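# Examining the three-dimensional arrangement
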Amino acid sequence: MAFDEEKLDELLSSFVTDLGGSFHAINAVIGDRLGLYRSLLAVMPATPAEVAAEAGVGERYAREWLSGQAAGGYVTYDPGTERFFLTEEQAFALAAPEGMQIAAAFHMPIAVGKNVDRIIDAFRTNTGFGWHEHDPGLFEGTERFFRQGYVANLVSSWIPALDGVEAKLAAGARVADVGCGHGASTLLLAESYPMSKITGFDYHDRSIDLARKRAADAGLASRLSFELAAAADFPGTDYDLVTVFDALHDMPDPLGAARHIRQSLKPDGTFLLVEPYARDNVEDNLNPVGRHYYTASTVICVAHSMTEEPRTALGAQAGQARLAELLRDAGFTRIRRAAETPFNLILEARP
Ligand SMILES: C[S@@+](CC[C@H](N)C(=O)[O-])C[C@H]1O[C@@H](n2cnc3c(N)ncnc32)[C@H](O)[C@@H]1O
């Protein structure tokens with residue numbers, strides 16, 4: 001075989017970017033925990049000493065951290081004044097309290113990495129590694145990362161894209177949010193549709209405890225409740241709307257879950273299924289978004305789905321065709337893509 005130096009250089013260039021990126025993940029979590037992005041925003045343009053004083057950390061650490069952030073494009077450096085600052089875009093993505101807080105997403109890989117030896121064992125023995133077995137950083141990172149997408153899209157575009165659902169929610173509907181985690185989507189629904197009665201279900205006890213606390217803190221406990229229940233057997237048979245956000249593909253038995261959801265709906269009810277954006281063929285998902293989802297799915301979603309029979313392991317890149325087939329098998333007849341974002345597929349399924 002001919003050895004192509006140029007192709008090797010391309011591969012090594014990606015490798016250096018990724019190696020730096022993997023250490024960036026650790027630095028981003030440190031920045032998030034210590035408020036380094038916020039401190040820079042508060043005192044910029046700033047020397048490392050000023051950022052360190054604002055954040056209450058050592059100056060030498062702050063200098064190295066800031067330089068690494070600048071090398072990755074997360075922070076900007078002005079060599080003329082030897083000061084660091086955030087552009088408008090960097091401030092919005094990283095530091096503003098109402099901004100995107102993208103550094104929080106890096107809690108996910110860092111948390112998963114804490115159990116890498118156990119996940120290696122699961123590969124070897126072809127067994128599972130459950131969601132509940134992960135370090136809590138995964139639950140926090142998931143909540144904070146996904147919430148941004150829900151805040152930006154759920155009420156403004158996904159719900160209005162469903163047939164007749166917005167009016168029902170406004171008038172007062174019964175809603176189940178299944179696999180709700182810390183309840184980011186559930187809380188948003190309860191805040192936006194005060195006449196509706198919303199229940200979040202998840203099999204993970206610590207997530208339900210935290211979701212209940214969030215509901216109490218938000219003063220929503222009277223019309224929003226969180227219950228410990230798996231997707232295949234949550235209670236209730238008269239829901240107007242059942243939602244599943246980024247959780248169906250994680251489940252060991254997504255078909256059983258979808259069948260149960262079908263049975264829990266009123267005859268004119270709606271199932272809102274939000275899944276990671278994916279196309280139907282592997283070759284069409286070989287891009288940065290697909291890469292993120294495939295690599296996370298390997299160690300989180302597939303690993304969880306392998307914990308119990310039938311171990312369907314749809315994976316985070318199942319795609320609409322596979323999901324629609326499963327929904328049809330579960331008894332849904334009217335299935336369509338209601339909306340999409342670069343990260344999400346939004347499917348509407350009706351009995
Ligand atoms: C990636 S998280 C998404 C959480 C939440 N929906 C969100 O968007 O922030 C997947 C969730 O599915 C839950 N889950 C997994 N298998 C489940 C099952 N069989 N029944 C109910 N919940 C399940 C997990 O506990 C976890 O909270």
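Residues numbered from 1 in each chain as written. Predicted model: local features only at pLDDT ≥ 70, side-chain atom pairs only at ≥ 80, totals over all residues.

### Here we look at the overall build of the protein chain
Helix and strand content of the protein chain: 15 helices and nine strands. In terms of principal-axis extent, the alpha carbons of the protein chain reach across some 65 × 60 × 35 Å. Counting every position in the protein chain, which comprises 351 residues, the buried fraction comes to 43%. Expressed as a percentage of contacts within the protein chain between residues at least 6 apart in sequence, the contacts between residues at least 24 apart total 65%. (Helix = DSSP H or I, 4+ residues; strand = E, 2+ residues; numbered from the N terminus. Buried ≥ 20, exposed ≤ 12 C-beta atoms within 10 Å, placed from the backbone. Contact = placed C-beta atoms within 7 Å.)

### Let's talk about the sheet that holds strand β7 (residues 265-276)
The seven strands are arranged β5-β4-β3-β6-β7-β9-β8 in an open sheet whose pairing can be described as mixed. Two strands bound the open sheet, and with one partner strand each, they are β5 (224-228) and β8 (334-340). The average undirected angle you get between the axes of adjacent strands in this sheet is 20°. As defined by bridge partners, β8 adjoins strand β9 (residues 344-350) across six bridges and the pair is classed as antiparallel. When the sheet's bridge partners are listed, Arg334 is paired in β9 with Arg350. (Pairing = 2+ DSSP bridges. Axes fitted to C-alpha atoms, helices over the stretch in contact; angles between N-to-C directions.)

### Quick look at the nonpolar core
Counting residues in hydrophobic clusters, the biggest one holds 95 residues, and the most contacted among them are Leu40, Val51, Val178, Val242, Phe271 and Leu273. The greatest single-element share of this core, amounting to seven residues, is contributed by helix α8 (residues 137-158). (Core = buried A, V, L, I, M, F, W, Y, C linked by C-beta atoms within 7 Å.)

### Some remarks on the packing of helix α1 (residues 5-34) against helix α4 (residues 59-72)
Close contact between α1 and α4 brings their axes to 11 Å; oriented N to C, the two are set at 130°. Accordingly, the angle class assigned to the pair α1 and α4 is oblique. In this structure, the crossing between α1 and α4 has a hand that is left-handed. Between α1 and α4, the residues in contact are Gly20, His24, Asn27, Ile30 and Gly31 and Trp65, Gly68, Gln69 and Gly72, respectively. (Parallel < 35°, antiparallel > 145°, perpendicular 65-115°, else oblique. Left-handed = near helix turned anticlockwise from the far one by under 90°.)

### So, the domain arrangement of the protein chain
A common way to state how big an interface is: give the accessible area lost once the parts meet. Here the domain parsing of the protein chain yields domain 1 (18-100) and domain 2 (111-350). Inter-centroid distance (C-alpha atoms) of domain 1 to domain 2 is 33 Å. (Domains from an automatic or database assignment.)

### As for the site of the ligand
The environment of the ligand is formed by 20 residues, the closest being Gly179, Gly181, His204, Ala231 and Ala247. Within the residue set of the shell around the ligand, elements represented by two or more residues are α8 and α10 (184-192). Considered class by class, the residues forming the shell around the ligand number ten nonpolar, six polar and four charged. (Near = placed C-beta within 6 Å. Nonpolar A, V, L, I, M, F, W, Y, C, P; charged D, E, K, R; others polar.)

### As for the environment of Val242
Position of Val242 among the secondary structure elements: in strand β6 (residues 239-245). In sequence terms Val242 and Ile198 are 44 residues apart; their C-alpha atoms lie 9.6 Å from each other. Aside from chain neighbours lying at most four places away, what touches Val242 is Ala176, Val178, Ile261, Ser264, Leu265 and Phe271.

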